[in-house]
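Close look at the chain arrangement
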Amino acid sequence: MRISRSARRRYATVLVATVATVLALTGTATALPSATAGATTPPAVAAKDKIRPQLQSQLNSQESGVDFWVYFGGRADLSKASAIKDWNARGTAVAKALKQAADDSQRAVRKELTASGVRYQSFWATNAIKVTGGQDLAERLAARGEVNSLLPSFKVEPPPVTKGVGRQAVDAVEWGVANINADDVWSQFGVRGEDITVGSIDTGAQFDHPALVKQYRGNKGDGAFDHNYNWFDAAGTCGAAPCDRDGHGTHTVGTMVGDDGAGNQIGVAPGARWIAANGCCPTDAALISSGQWMLEPTDLSGQNPDASKRPHIINNSWGTTAPSNEPLMEDISLAWTASGIFGVWANGNNGPGCQTSGSPGSRKINYSVGAYDVDNTIAGFSSRGAGQDGEIKPNIAAPGVNVRSSMPGNGYATMNGTSMATPHVAGAIALVWSAAAALVGDVDGTRSLLDGTATDNPNSQCGGTDDDNNAFGEGRLDALTLLRQAPRGVTGRVGGTISDSVTGKPIPGATVTIVGPVSREVTTAADGAYVTGALPVGGYSISARKYGYASGTAQAQVVEGATTTADVELVPQAMNTVSGTITDGSGHGWPLYAKIVISGYPLGPIFTDPVTGRYRVELPGSAAYTMQVSAQYPGYQVVQRTFELGQADVVQDAALTVDQSTCTAPGYRWSGVSEDFDDWTDTGTRDGWTTSGRPSWRFDNPGYRPVPEGGNGRFAIADSASGDGKRFDTSLTSPIIDLSGDASPQLTFHTSYYPDDASQRADVDVSTDGGRTWRTVWRQTSSHAFGQVNLPLPQAAGRKDVRIRFHYQGRNAWWWAVDNVFVGTRACRPVEGGLVLGFVTDRDTGAPVFATVARTGQPQESGTGVTTPVDPNVGDGLYWVFSSAVGPTEFTASASGYPARTATIPVRKDMVVTQNWSLARAGG
């Protein structure tokens, strides 16, 4: 194996480099990556010198509210981490040492900040606290001996990428994957990244994208997902499930592991699993907390940390936007390495000039990636070195031009950037660590192997040599050579046939799991045959499974240079049919599109037909099953039941009831009358509501008053800013409300009432005779009133001519605002009407279109096309919409880039009718 010049220099100077970089960040020395808790004592530094000049400038220009970082001198001794061979124990030891050092250093300062009411965030992966304060706080903290330095907040973001110009069509294997010979690794070694988890710190990821859903570690395989330990919402924009509001992260994850099983082979290591944090890059704290979470992932509540669930590799397609050698994330990079995690970094998109590498990729301790195109030419945008202290940068280059990968919305797109090149390297590391268990956690050894197997690409533009230069680094990534030279040891293979024990016929599509020194999983071909890739010699347990058969096992001893035969016969099981219909159980009774998860059924969830609500599944008999049914429409309760399956077919129907706490199911509304004023204009009468008196109630907020507490959008307001404020006498009156079927109605509304003195009055009046006589049920005079008001209306129970009046009167008034008025009982009840559903497709390509289908002129009765990644029987572009009109009704379908189309649909009461749409692109 060739050891490059830069590699020899790099590892000879790593101790000096590490100490120097941390000195640059914190002003103190640190140990190399390691794992026992201890602390070094920094030299004394004058308090004023601890405040960095850029931060001091910010403090001078602002009296308070400056965000800055407080770094502490204590350092965990992680020098023995790499000697811990057990993966779980190694990660736990590193996290424990870091936490102990941070706690010892920060304890007194945290106590002081808490007592002072100062807002702060504490971190242990880098021994620092982020605070918000002014000059006094900075000076007070700088005076403490345990504090080492104070630095300003910083900004990082993904390198700016551009859209590719390559075609969007599917290749059997995407060009970048084939260029680095990853597909040859799959066929020659039978390795696709099994047993390896890659982490993404980026903009998030669409976890249920068809190319990513099978590889997501939170996928439980039965249609359910567990996002604990697999997702960290550092940005606070997604909540409890991964999402991506940008697309950058979904694209990079796809290049690492993507494969939809239907021809979109976009990923280098499709057998690996992925987890993610969306820490890039809303704030520096989100970025730092993401790096810390990767060391010791937690559940969704941020509790119960578990270092055994940390990823093996972390892709970092981000960095500083300008050429930089700043020691960004240095402590966390070192901690990752100590923990056995390989961090891969984009080198930046600031080319073609020299010395344009961005931090953290420009730093010696980090392994960074440049980008080239399909002709193996360095990309014009790819940043060049040299990096820190003249270090050759990037370290290696990979495909980064016109890279096609996954995008949110189940789509695909081509993009350009070192962001696209970096995940090729992360995926290649997943391949080699999957094949060579001895390399897992050996970051330095893997770096050396990557360097030594790269294909030389001479480039003299920015200095260096033919085999190591500041454009390509060590050269172009070659995954096949990487695997060939990896320390895999002597190998052999296992192969055989899976067959039916009764008929002797081969069983295609059976899953064969091989467990021994390494683990592999393969699928039998049409002739029932299977063969593994290269396996280390040793003993293996073989198990085969196929639905409808009892599992079978065998043993195999893999010997050098040979294929050991391990045939398995599977015993067929007696099967019975379970079928039924899932319907609405709260009044409409129509069929429901629903998901059914049956315990012990290995083929994932079952879905009902969206039109008929029917389902059918074959299950082995003589067993007990639990069935969980959940509607694909919002607002329904989940039903769970247990049934016995003997030797006969079984019918299991279910009627799902709506969730009374939300009332969001299509075709259901709260009983009573509500008004939120959101689409009202400045004045006037609407929907039976009337305004009268002077000055009139308004809905355009003429005085720019705050929204009533608890309200939203537009609201009704009687405001002195809209006219003569010396004398008010104005009413806002509801239409007649029929409460004849309501035994216990109530009135609720949100309000903000601002009186000037006792000379004005806000009354809420109720009439039960259509407005001839009124009774006051709520009054405010000189006291302010905010929030939600709840008023029982027993006098209106069972009456059909009820009206509500908001009456504002008096002298020297200020304002009274009202929002979200509701009269009645909050019971979720069916509304007369029917469901319309179907598919929207492109007229020319037949591809799904995510259109909005709405009852013409009634935008509140609309539905938007959805994705159905888990249901193999229903394509994307499915929509559904409730119509409160029955009989022939006009609907409109519209989508971006398509002219709208209308159609008349015969809506049927309490029924489902179908309407498919074919839209032609504008200009087509």
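Throughout, a residue's number is its position along its own chain's written sequence, starting from 1. Since the coordinates come from a predicted model, pLDDT governs what is reported: local features require at least 70, and pairs of side-chain atoms require 80 or more to be given and counted, while whole-chain, interface and lining totals use all residues. By convention in this description, side-chain values take in all heavy atoms of the structure and omit both hydrogens and water.

**Details of the state of the cysteines**
- Defined by distance alone, a disulfide is two cysteine sulfur atoms within 2.5 Å. Taken as a whole and assessed by the stated rule, the structure comprises three disulfides.
- Disulfide pairing is shown between C354 and C462; the S-S distance is 2.0 Å. Its torsion about the S-S bond being -85°, the disulfide of C354 and C462 is classed as left-handed. One end of the pair, C354, is in the loop between β12 (342–346) and β13 (367–372); the other, C462, is in the loop between α13 (443–453) and β17 (464–465), and 108 residues separate them in sequence. Under the DSSP-based scheme used, a helix requires at least four consecutive residues in state H or I and a strand at least two consecutive residues in state E, with every element numbered from the N terminus.

**Section: the packing of helix α12 (residues 418–435) against α13**
- Axis angles are defined between N-to-C directions and span 0 to 180 degrees, where every axis is a line fitted to C-alpha atoms and, for a helix, only to the segment in contact. Running from N to C, α12 and α13 point in directions that differ by 110°, and their axes come no closer than 12 Å. One element, α12, and the other, α13, form an angle in the roughly perpendicular class. When you trace α12 past α13, the crossing you get is right-handed. Contact residues: V425, I429, V432 and W433 in α12; T446, L449 and L450 in α13.
- Partitioned by chemical class, the residues of the contact of α12 with α13 number six nonpolar, one polar and no charged. Note on terminology: angles under 35 degrees are roughly parallel, angles over 145 are roughly antiparallel, angles of 65 to 115 are roughly perpendicular, and the others are oblique. Throughout, a crossing is termed right-handed when the near helix is turned clockwise from the far one, and left-handed when it is turned anticlockwise from it by less than a right angle. Residue contacts follow a heavy-atom distance rule, with two residues in contact if any of their heavy atoms lie within 4.5 Å. When residues are grouped by polarity, Ala, Val, Leu, Ile, Met, Phe, Trp, Tyr, Cys and Pro land in nonpolar, Asp, Glu, Lys and Arg in charged, and all others, Gly among them, in polar.

**Description of the side chain of R488**
- Mapped onto the elements, R488 comes out in the loop between α14 (479–484) and β19 (491–500).
- Remark: exposure states derive from per-residue accessible area (1.4 Å probe, protein chains only) relative to the maximum for the residue type, with buried under 20%, exposed over 50%, and partly exposed in between. For the purpose of counting charges, residues Lys and Arg are taken to be positive, whereas Asp and Glu are taken to be negative. His and the chain ends are not included. We count a salt bridge whenever a side-chain nitrogen from Lys or Arg sits within 4 Å of a carboxyl oxygen from Asp or Glu. Although R488 is buried, it forms no salt bridge, and the closest oppositely charged side chain is E560 at an N-O distance of 10 Å.
- Throughout this description, a polar contact denotes any pair of N or O atoms lying within 3.5 Å of each other; where both atoms belong to protein, one of them has to be capable of donating a hydrogen while the other can accept it, and for residues adjacent in sequence the pair is counted only when both atoms sit in side chains. A polar atom in the side chain of R488 sits 3.1 Å from the backbone oxygen of L483.
- If we ignore the near neighbours within four places in the chain, the residues touching R488 are F189, A435, A436, L483, A534 and P536.

**Observations concerning the confidence of the model for the chain**
- Predictor confidence is given residue by residue as pLDDT, running from a minimum of 0 to a maximum of 100. Per-residue confidence for the chain gives a mean pLDDT of 87; residues scoring 70 or more make up 91%.
- Mean pLDDT across the elements of the chain bottoms out in helix α2 (residues 14–26) (27) and peaks in strand β14 (residues 396–399) (98).
- With pLDDT under 50 throughout, residues 1–43 is counted as low confidence; its partners more than four residues away or in other chains account for 119 contacts.

**Observations regarding the packing of aromatic side chains**
- Note on aromatic pairs: the rings of Phe, Tyr and Trp (six-membered ring only in Trp) are paired at centre separations within 6.5 Å, and the planes decide the class, stacked below 30 degrees, edge-to-face beyond 60, tilted for the rest. On inspection of all chains with the given rule, the structure shows 34 aromatic pairs.
- With a centroid separation of 5.2 Å and an interplanar angle of 80°, the aromatic rings of F677 and W680 are classed as edge-to-face. Here the two residues F677 and W680 agree in accessibility, since each one is buried.
- Geometrically, the ring pair formed by F749 and W778 is edge-to-face, given 5.6 Å between the ring centres and 85° between the ring planes. In this pair, F749 is assigned in strand β42 (residues 746–754) and W778 in strand β44 (residues 775–780), connecting sequence segments 29 residues apart.
- Residue F749 is classed as buried on the basis of its relative accessible area of 0%.
- With a relative accessible area of 12%, W778 lands in the buried category.
- Through successive ring pairs, a cluster of aromatic residues spans W697, F728, F749, Y753, W778, F806, Y808 and W816.
- We call a charge positioned over a ring when the NZ of a Lys or the CZ of an Arg lies within 6 Å of the ring centre and within 35 degrees of the ring normal. Directly above the aromatic system of Y229 lies the positively charged group of K309, at a separation of 4.9 Å from the ring centroid.
- Lying over the aromatic face of W87, R310 brings its terminal NZ or CZ to 3.7 Å of the ring centre.

**A short note on the environment of N88**
- Relative to the helices and strands, N88 is located in helix α5 (residues 87–116).
- When its relative accessible area of 38% is taken as the criterion, N88 is described as partly exposed.
- Remark: the alpha-carbon pair of N88 and N349, spanning 261 residues in sequence, is separated by 36 Å.
- Here N88 is in contact with S308 and R310, once residues within four sequence places are set aside.

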